[in-house]
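# Commentary on secondary and tertiary structure
So the chains spell out like this:
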Amino acid sequence: MKKHMLERTLVVWFLALICCLLWGSAVPSIKIGYKMFEIAAEDSAAQILFAGIRFFLAGVLTVVFGSLIQRQILIPGKKEFPLIVKLALFQTILQYVFFYLGLAHTSGVKSAIIVASNVFFSILIASLIFHQEKLTARKMIGCVLGFAGVVLINLNGTGLDLGFRWNGEMLIVLSTIAYALSSVFIKRYSRIANPVLLSGWQFAFGGLVMAVAGFLMGGRVYWHGPAAAALMVYMAFISAVAYTIWAVLLKYNPVSKVTVFGFMNPMFGVVLSAILLQEKGQAFSLRGLTSLILVCIGIYIVNKGDSSSEA
């Protein structure tokens, strides 16, 4: 049986790396945004409000552009609405609320390493709980190499210890589990519903819930000129494009084949932070290059089984 174009390994690699590049650019964009919108590092309420606005706009952009491309208005029906609510709960609300609250009580280094473990959780959940694919030694070896690369790029002599607090590292772990579950749900739901519709409306719903919650918690953001508005639109664009492409890739491919590219997110984040924020210590070094090589080898190993059968 001839493969769909989105099942071809080179196409998956190209589109997945675009997603990772966009997500990597979110790291410096958020840091710049906190300064532009006057959001303090310890102000979790304002951060949740900020993220909620971003994701709500991302949902609007996804629905509008998806409707234009498909030449029909993407409005969810009775069948799609419960799927949207469940996706919004795990992919947007729980993932980012846990992440922002946990980040306030742990280091960025430890957070980056824990978040990278979402690849393991995604593959384990897809294989052992939902039985969407087989768990193989090849996949686990690839994941271990990729994870080693992420750990290496984040080791800088500070911010890494054996502490594990319920309101810090534990919340980050819960955030990664929520993301892993959302990946599996997207894979399942995209078989019965339009993945662009699901992605757009879950962002809009989840973003609205987060924005309202952040505002009620006392969070405030302050808009200063068109530059701040442009940055917010760009961050919404990141989520709209990246998650939509990701959802479509998950529809046509095993979870492991797609989610393993998540190891590239911190790589792009480090490099783009070095360029945009002048944080050059980790990116342009032997350790940075070694980390990138480990991640690439890990991705290749996980995807190796599919390349031989390429149509």
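Residues numbered from 1 in each chain as written. Predicted model: local features only at pLDDT ≥ 70, side-chain atom pairs only at ≥ 80, totals over all residues. Heavy atoms only, no water.

## Describing the overall build of the chain
For the chain, the helix and strand inventory stands at 12 helices and 0 strands. When the elements of the chain are put in sequence order from the N terminus, they spell out α-α-α-α-α-α-α-α-α-α-α-α. Taken over 311 residues, the chain has a buried fraction of 50%. Intrachain contacts of the chain at a sequence separation of at least 6 include 87% that bridge at least 24 residues. When the accessible area of the chain is evaluated, it comes to approximately 14,200 Å², of which 73% is carbon and sulfur surface. (Helix = DSSP H or I, 4+ residues; strand = E, 2+ residues; numbered from the N terminus. Buried < 20%, exposed > 50% of the residue type's maximum accessible area, 1.4 Å probe, protein only. Contact = heavy atoms within 4.5 Å. Areas by Shrake-Rupley, 256 points an atom, 1.4 Å probe, with all protein chains shown as cover.)

## Comments concerning the environment of W223
Mapped onto the secondary structure, W223 falls in the loop between α8 (195–216) and α9 (225–252). Here W223 falls in the partly exposed class, since its relative accessible area comes to 43%. Residues W223 and M36, 187 residues apart in the sequence, show an inter-C-alpha distance of 7.6 Å. Excluding residues within four positions of it along the chain, W223 makes contact with F37, I53, A228, A229 and M232.

## Some details on helix α2 (residues 44–70)
Over its 27 residues, α2 runs 38 Å from end to end, which matches the ideal 39 Å to within 8%, given 1.5 Å per residue. Once α2 ends, the next one or two residues include R71, with phi positive near 60°. (Expected span 1.5 Å × (residues − 1).)

## Regarding the packing of aromatic side chains
All chains considered together, the criterion is met by 12 aromatic pairs. Ring centres of F203 and Y243 lie 5.1 Å apart, and the angle between their planes is 70°; on these two criteria the pair is classed as edge-to-face. A residue pair is termed long-range when its members are at least 10 positions apart, and F203 in helix α8 and Y243 in helix α9 qualify at 40 residues. Classification of Y243 as buried rests on a relative accessible area of 4%. Put simply, the rings of W23, F55, Y96, F203, Y243 and W246 pair up and form one aromatic cluster. Positioned above the aromatic ring of F185, the side-chain terminus of K86 is 5.4 Å from the ring centre. Over the face of the ring belonging to F215 we find R220, whose NZ or CZ atom lies 3.9 Å from the ring centre. (Phe/Tyr/Trp six-rings, centres within 6.5 Å; stacked < 30°, edge-to-face > 60°. Lys NZ or Arg CZ within 6 Å of the ring centre and 35° of its normal.)

## Overview of the side chain of K187
Its place among the elements puts K187 in helix α7 (residues 169–189). Non-local contacts of K187, meaning those with residues more than four positions away in its chain, are made with Q132, L250, K251, Y252, N253, P254 and V255.

## Some thoughts on the environment of T62
Structurally, the position occupied by T62 is in helix α2. On the basis of relative accessible area, T62 is assigned to the buried category, the value being 5%. Sequence spacing of T62 and Y243 is 181 residues, and the spatial spacing of their C-alpha atoms is 9.5 Å.

## A word on unusual backbone geometry
Here the phi dihedral of E38 falls at roughly 55°; this positive angle occurs in a residue that is not glycine. In this fold, E38 is placed in the loop between α1 (9–36) and α2. Although it is not a glycine, R71 sits at a positive phi angle of roughly 60°.

## Overview of the side chain of T62
Within the structure, T62 has its side chain in polar contact with the backbone oxygen of A58 (distance 2.8 Å). Non-local contacts of T62, meaning those with residues more than four positions away in its chain, are made with V196, S199, G200, A240 and T244. (Polar contact = N/O pair within 3.5 Å; in protein donor to acceptor, adjacent residues only side chain to side chain.)

## Some points on the confidence of the model for the chain
Segments scoring low in pLDDT should not have their predicted coordinates read at a detailed level. Of the residues in the chain, 84% have a pLDDT of 70 or more, and the chain-wide mean is 81. Element-level mean pLDDT values for the chain span from 64 in helix α4 (residues 108–116) up to 94 in α8. Residue range residues 307–311 is modelled with pLDDT below 50. Its contacts to residues more than four positions away, or to other chains, number 8 contacts. (pLDDT = per-residue confidence, 0-100.)

## Describing helix α5 (residues 118–129)
For an α-helix, the turn length of 3.6 residues means that residues three or four places apart are oriented alike. An ideal rise of 1.5 Å per residue puts 16 Å on 12 residues; α5 measures up with 15 Å between its terminal C-alpha atoms. Trailing α5 by a residue or two, H131 shows a phi angle of about 55°, which is positive.

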